[in-house]
Amino acid sequence: MIDVHYWPTPNGKKVTILLEELGLPYRIVPVNIGRGDQFTDDYLKISPNNRMPAIVDHEPADGGPPLSVFESGAIMLYLAEKAGRFLPTDVRGKYEVIQWVIWQMANQGPKFGERGHFSRVAPEHGDQSYAQRRFNDETHRIYGVLNNRLYDRRYIAGDDYTIADMISYPWTAGWKAQGIDLGEFKYFKRWFEELSERPALKRGMEASVGEVEDPASVSPEEQERRRKLLYNQRARPAPVA
Ligand SMILES: N[C@@H](CCC(=O)N[C@@H](CS)C(=O)NCC(=O)O)C(=O)O
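What you see is a predicted model, and the numbers here were worked out from it, not measured in a lab.

### Quick look at the UniProt feature "domain: GST C-terminal" (unreviewed entry) in the protein
Turning to step 1, where the next piece is worked out: Under the present numbering, the feature "domain: GST C-terminal" (unreviewed entry) in UniProt falls on residues 90-216.
Turning to step 2, where the next piece is worked out: When the span residues 90-216 is considered, its composition is 61% helix and 0% strand, and the gap between its end C-alpha atoms is 53 Å.

As structure tokens, then:
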């Protein structure tokens, strides 16, 4: 059994898409990142960067104790390798996929994430137009990278559907809110529409954490505690030896 420490965001959904595509049994362990679950001592042991997703594989291939992996790109590589699917084993095919997985982690995820962040900044924090322009442009550029890639390939890494596609898809599901005109990116659009019809991908996108708390039930003191915890995150002191 694989535990997926999860909250329903694009980074979390990458992992549930792959698990659904693989048909591997998994259990969702909610990490409510709005409440600060990512900062607990137990969670930091498996995900020291205080982010989700992370997994714990209770039956790793070496037969040893449970194995944990954090960073969604590493999780995708781990699960694909474990199952022997969606990651070629020949050197050229394998690195074709790996470079697009790393591209997603280093470009599409962070830049789209910052675009979303700066689009939501409250007015009392001042003029954000430089940052908004910067990350809107980057988002547009990145859609262009995908579109050009898909111009003469069915999937991101070539003829086969791989983890390179699964890791990029969830961040593009928000294309409308990201200000993207699909008419400008017709090869991307073809890929997006094909993937959107896959039943396993749909299940992964809909993976739920069950009932979530009603924001109205959170006291003003608790809201203040969460605001302090989540915004302006700075280094945590190292444990005293
Ligand atoms: N590079 C990481 C990014 C993970 C990430 O940023 N996760 C966000 C949710 S999408 C998170 O856990 N945020 C919690 C926080 O900001 O404290 C990955 O791909 O796994």
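### Quick word on the site of the ligand
Turning to step 1, where the next piece is worked out: Neighbouring the ligand are 13 residues; Gln-38, Met-52, Glu-71, Ser-72 and Gln-233 lie closest to it.
Turning to step 2, where the next piece is worked out: In this structure, an oxygen atom belonging to the ligand sits 2.7 Å away from a side-chain N or O atom of Gln-38.
Turning to step 3, where the next piece is worked out: Protein contact buries 79% of the 520 Å² of open area that the ligand shows by itself.

### A closer look at helix 4 (residues 91-119)
Turning to step 1, where the next piece is worked out: Taking 1.5 Å per residue, 29 residues should reach 42 Å; helix 4 reaches 41 Å between its end C-alpha atoms and fits that length.
Turning to step 2, where the next piece is worked out: Maximal helix bending in helix 4 amounts to about 40°, located at Gln-104.

### Thoughts on the environment of Val-69
Turning to step 1, where the next piece is worked out: In this structure, Val-69 sits in strand 4 (residues 67-70).
Turning to step 2, where the next piece is worked out: Using a relative accessible area of 13% as the deciding quantity, one classes Val-69 as buried.
Turning to step 3, where the next piece is worked out: Each C-alpha atom, one on Val-69 and one on Asp-37, is 17 Å from the other, the two residues being 32 residues apart in sequence.
Turning to step 4, where the next piece is worked out: Excluding its chain neighbours within four sequence positions, the residues that come into contact with Val-69 are Ala-54, Ile-55, Ala-74, Ile-75 and Tyr-78.

### A few points about the packing of helix 6 (residues 163-172) against helix 7 (residues 186-196)
Turning to step 1, where the next piece is worked out: Viewed as axis vectors pointing N to C, helix 6 and helix 7 meet at an angle of 100°, and their least axial separation amounts to 11 Å. Regarding the angle of helix 6 to helix 7, the classification is roughly perpendicular. Of the residues in helix 7, those touching helix 6 at Asp-165, Ser-168, Tyr-169 and Thr-172 are Phe-188, Trp-191, Phe-192, Leu-195 and Ser-196.

### Observations regarding the UniProt feature "domain: GST N-terminal" (unreviewed entry) in the protein
Turning to step 1, where the next piece is worked out: Mapped onto the present numbering, the UniProt feature "domain: GST N-terminal" (unreviewed entry) falls on residues 1-87.
Turning to step 2, where the next piece is worked out: Its end C-alpha atoms 21 Å apart, residues 1-87 is made of 36% helix and 21% strand.

### Some thoughts on the domain arrangement of the protein
Turning to step 1, where the next piece is worked out: Domain boundaries assigned for the protein yield domain 1 (2-85) and domain 2 (91-204).
Turning to step 2, where the next piece is worked out: Domain 1 and domain 2 are separated by 21 Å when their C-alpha centres are compared.
Turning to step 3, where the next piece is worked out: On the domain 2 side, the residues contacting the 16 residues of domain 1 number 16 residues.
Turning to step 4, where the next piece is worked out: For the interface between domain 1 and domain 2, the tally reads two salt bridges.
Turning to step 5, where the next piece is worked out: Residues Glu-21 and Arg-198 are paired through a salt bridge, measuring 2.9 Å at the closest nitrogen-oxygen approach.
Turning to step 6, where the next piece is worked out: At the boundary of domain 1 and domain 2, one finds six residue pairs in polar contact (both at pLDDT 80 or more).
Turning to step 7, where the next piece is worked out: For the side of domain 1 that touches domain 2, the elements supplying multiple residues, two or more each, are helix 1 (10-22) and helix 3 (72-83).
Turning to step 8, where the next piece is worked out: A per-element tally of the side of domain 1 that touches domain 2 places helix 1 first, with nine residues.
Turning to step 9, where the next piece is worked out: When the residues that make up the side of domain 1 that touches domain 2 are grouped by side-chain class, the tally is seven nonpolar, four polar and five charged.

### Brief notes about unusual backbone geometry
Turning to step 1, where the next piece is worked out: Cis geometry is adopted by the peptide bond preceding Pro-53, which originates at Met-52 and carries an omega value of 10°.
Turning to step 2, where the next piece is worked out: Looking at where Pro-53 falls in the secondary structure, it is placed in the loop between helix 2 (41-46) and strand 3 (54-57).
Turning to step 3, where the next piece is worked out: Despite not being glycine, Glu-71 has its phi angle at roughly 75°, a positive value.
Turning to step 4, where the next piece is worked out: The exposure class assigned to Glu-71 is partly exposed, which follows from its relative accessible area of 36%.

Here is what the cut-offs are and how they apply
Residues numbered from 1 in each chain as written. Predicted model: local features only at pLDDT ≥ 70, side-chain atom pairs only at ≥ 80, totals over all residues. Heavy atoms only, no water. UniProt positions renumbered as here; feature names shortened; annotations may be inferred. Helix = DSSP H or I, 4+ residues; strand = E, 2+ residues; numbered from the N terminus. Near = heavy atom within 4 Å. Polar contact = N/O pair within 3.5 Å; in protein donor to acceptor, adjacent residues only side chain to side chain. Areas by Shrake-Rupley, 256 points an atom, 1.4 Å probe, with all protein chains shown as cover. Expected span 1.5 Å × (residues − 1). Bend = angle between axes of the 7 residues up to and from the residue. Buried < 20%, exposed > 50% of the residue type's maximum accessible area, 1.4 Å probe, protein only. Contact = heavy atoms within 4.5 Å. Axes fitted to C-alpha atoms, helices over the stretch in contact; angles between N-to-C directions. Parallel < 35°, antiparallel > 145°, perpendicular 65-115°, else oblique. Domains from an automatic or database assignment. Salt bridge = Lys/Arg side-chain N within 4 Å of Asp/Glu carboxyl O. Nonpolar A, V, L, I, M, F, W, Y, C, P; charged D, E, K, R; others polar.

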